[in-house]
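Below, each chain spelled out in residue letters.
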Amino acid sequence: MIYEDYYIFTPGPVKMSEEILAVGAQQTPYFRNSEFSNVTYACEKGLLEMVNAPEGSKVIFLTASGTAGMESVVMNLLNKEDNALVVNGGGFGGRFVKICETHDIPHSDFNVRNTNLSDIETLAPKEEYSTLIVNAHETSVGHLYDLRAMGTYAKKNEMLYIVDAISMLVTDPLDMQASNIDVVIASSQKGLALPPGLTMVILAPSALEKVQDVKSLYFNFKDYLSNGKRGQTPYTPAVTIMLQLETRLAQIQRRGGVAESIASAEEIASYFRENITKLPLKAYTPFMPNAMTTLTPTDGKSAMDIVNALEEGYKVMVCPNGGAERDIIFRVSHMGDMDKAYTDVLIDALHDYYKIARD
Ligand SMILES: *Cc1c(COP(=O)(O)O)cnc(C)c1O
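Residues numbered from 1 in each chain as written. Predicted model: local features only at pLDDT ≥ 70, side-chain atom pairs only at ≥ 80, totals over all residues. Heavy atoms only, no water.

Caption draft 1: Quick peek at helix α6 (residues 147-156). All buried positions along α6 are accounted for by Leu147, Ala149, Met150, Gly151, Tyr153 and Ala154. Between the side-chain oxygen of the N-cap and the backbone nitrogen of Arg148 there are 3.2 Å, and the N-cap of α6 in question is Asp146. Taken from the residues just after α6, Glu158 is the one with a positive phi, measuring 50 degrees. (Buried < 20%, exposed > 50% of the residue type's maximum accessible area, 1.4 Å probe, protein only. Helix = DSSP H or I, 4+ residues; strand = E, 2+ residues; numbered from the N terminus. Polar contact = N/O pair within 3.5 Å; in protein donor to acceptor, adjacent residues only side chain to side chain.)

In structure tokens:
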């Protein structure tokens, strides 16, 4: 049942390519040797290039899900002397607020709706902050923020700028240097289209300076940074996922670089949106990323019923929301190994479900 062939449009895990699956089918190798150090170096180099990280940036590889990346960044870079402005536009923003609470980091819960914060300067509370924290793509609702405008604001106010880019890397543009970003958090199972289990924290020199002693054995960045010099991690890394990451970064290069992957995601997302205009569905937000389309039924149907009908009747997996949004929205991911033919399966299923002809 769990391995049955579904068409996957969920925002993580996403559809993986045959090339990546083939790496996963092999014996996991031993890793405390120079061969594996070279894999780590290649992954680090590829990631730093992909986000246009400033000279001297470093990558920390954690064997954990993305939330560990979020939490460990707060633990290793912030303390009670800080005051963080946490953009909260949904479930993932709320998670950063909880993390700050958990670690007693002074912060403001900056509740945001219906804006991509291109005017953050006027919207932000007029307090002094040391840090700006945002989920570039708030995946719970499919909302993309204006990273560049926020970076300008952060720089002007001398704030450390932390961006969780987990659900927009490879599908939407991110440029650390152009947007003055100090920290990028990435994870394997979204745009990178790998299995879950590997999380990467990219630290610019401005963030490396702030790495402090921390009361944690496993999430101690200083330990990762000193081991990273020899291409190793303090503890067993997600060896196979790192091999898959190396392959994936090479695949992105072979396909023309990350700009080409972003253009392709944009094309697929537009194709999907243009081909469902006859259906009683509307976009939930005007600030959609290429990574995902979030839809609201306009005919009074429950979003959850649509999700269930697609799964049961068409073997198509889209993503429901929980809580109050359960009946109001569902989400369609365009991340991963997508093309128009694959996307057509969902477009056709939706038309068949509504008994509306596609053309
Ligand atoms: C998926 C996701 C995460 C990480 O969630 P995990 O379940 O811990 O991997 C973090 N931030 C955003 C924006 C995400 O979409």
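Caption draft 2: Spotlight on the environment of Cys319. Inspection of the secondary structure puts Cys319 in strand β14 (residues 319-320). Taking relative accessible area as the criterion, Cys319 reaches 14% and is therefore assigned buried. Between the C-alpha atom of Cys319 and that of Ser333, which follows or precedes it by 14 residues, the distance is 8.1 Å. In contact with Cys319, not counting residues within four places along its chain, are Thr10, Pro11, Val307, Phe330 and Arg331. (Contact = heavy atoms within 4.5 Å.)

Caption draft 3: Local environment of the site of the ligand. Looking at the ligand, there are 13 residues lining it, with Ser65, Thr67, Thr139, Asp164 and Lys190 nearest. At 2.5 Å, a side-chain N or O of Ser65 approaches an oxygen atom of the ligand. Contact distances for the ligand include 2.5 Å between an oxygen atom and a side-chain N or O atom of Thr67. About the coverage of the ligand: the protein hides 88% of its 390 Å² of free accessible area. Contributions of two or more residues to the shell around the ligand are made by α3 (66-77) and α4 (91-102). Of all the elements, α3 adds the most residues to the shell around the ligand, at three residues. Tallied by class, residues from the shell around the ligand come to three nonpolar, seven polar and three charged. (Near = heavy atom within 4 Å. Areas by Shrake-Rupley, 256 points an atom, 1.4 Å probe, with all protein chains shown as cover. Nonpolar A, V, L, I, M, F, W, Y, C, P; charged D, E, K, R; others polar.)

Caption draft 4: The packing of helix α2 (residues 34-50) against helix α9 (residues 239-254), seen in detail. Contact geometry for α2 and α9: axes closest at 9 Å, N-to-C directions at 45 degrees. Relative to α9, the element α2 is oriented oblique. As α2 packs across α9, the resulting crossing turns out to be left-handed. In this structure, α2 contributes Phe36, Val39, Thr40, Ala42, Cys43, Gly46, Leu47 and Met50 to the contact, and α9 contributes Val239, Met242, Leu243, Leu245, Glu246, Leu249 and Ile252. A per-class count over the contact of α2 with α9 returns 12 nonpolar, two polar and one charged. (Axes fitted to C-alpha atoms, helices over the stretch in contact; angles between N-to-C directions. Parallel < 35°, antiparallel > 145°, perpendicular 65-115°, else oblique. Left-handed = near helix turned anticlockwise from the far one by under 90°.)

Caption draft 5: Molecular detail of the pattern of salt bridges. Applying the stated criterion to the full structure yields 12 salt bridges. A salt bridge links Asp337 to Lys15; its shortest N-O distance comes to 3.5 Å. With Asp337 in the loop between β15 (330-333) and α12 (340-354) and Lys15 in the loop between β1 (7-8) and α1 (18-24), the pair connects residues that are 322 residues apart, well separated along the chain. Overall, Asp337 belongs to the partly exposed group, its relative accessible area being 26%. Residue Glu121 pairs with Lys156 through a salt bridge whose shortest N-O separation is 3.4 Å. One end of the pair, Glu121, is in helix α5 (residues 120-123); the other, Lys156, is in helix α6, with 35 residues separating them in the sequence. Among the residues examined, Glu121 registers a relative accessible area of 37% and is labelled partly exposed. A residue is classified by how much of its surface remains accessible, and Lys156, at 59% relative accessible area, is exposed. (Salt bridge = Lys/Arg side-chain N within 4 Å of Asp/Glu carboxyl O.)

Caption draft 6: Examining the sheet that holds β15 more closely. Sheet architecture is open: four strands sit in the order β11-β12-β15-β14, paired in antiparallel fashion. With one partner strand each, in any of the chains shown, β11 (281-283) and β14 form the two edges of the open sheet. Both β14 and β15 contribute to a ladder of two bridges, which runs antiparallel. Paired with Pro320 across the strands is Phe330, a residue of β15. (Pairing = 2+ DSSP bridges.)

Caption draft 7: Fine view of unusual backbone geometry. Geometrically, the link from Gly12 to Pro13 is a cis peptide bond, its omega value of -10 degrees lying close to zero. Considering the arrangement of structural elements, one finds Pro13 in the loop between β1 and α1. With phi around 55 degrees, Asn180 is a residue other than glycine that occupies positive phi space. Mapped onto the secondary structure, Asn180 falls in the loop between β8 (160-164) and β9 (183-187). Overall, Asn180 belongs to the partly exposed group, its relative accessible area being 26%.

Caption draft 8: Broad picture of the sheet that holds strand β4 (residues 107-111). Read from one edge to the other, the open sheet built from seven strands follows the order β2-β10-β9-β8-β5-β3-β4, with strand pairing classed as mixed. Of all the strands in the sheet, just β2 (58-63) and β4 have a single pairing partner and so form its edges. The mean angle between the axes of side-by-side strands here comes to 15 degrees, regardless of whether they run parallel or antiparallel. Bridge count for strand β3 (residues 84-88) against strand β5 (residues 131-135) is three bridges, and the pairing is parallel. Pairing of Leu85 across the sheet is with Leu132, part of β5. Seen against the sheet, α4 touches β3, β4, β5, β8 and β9 and runs at an angle of roughly 150 degrees to β3.

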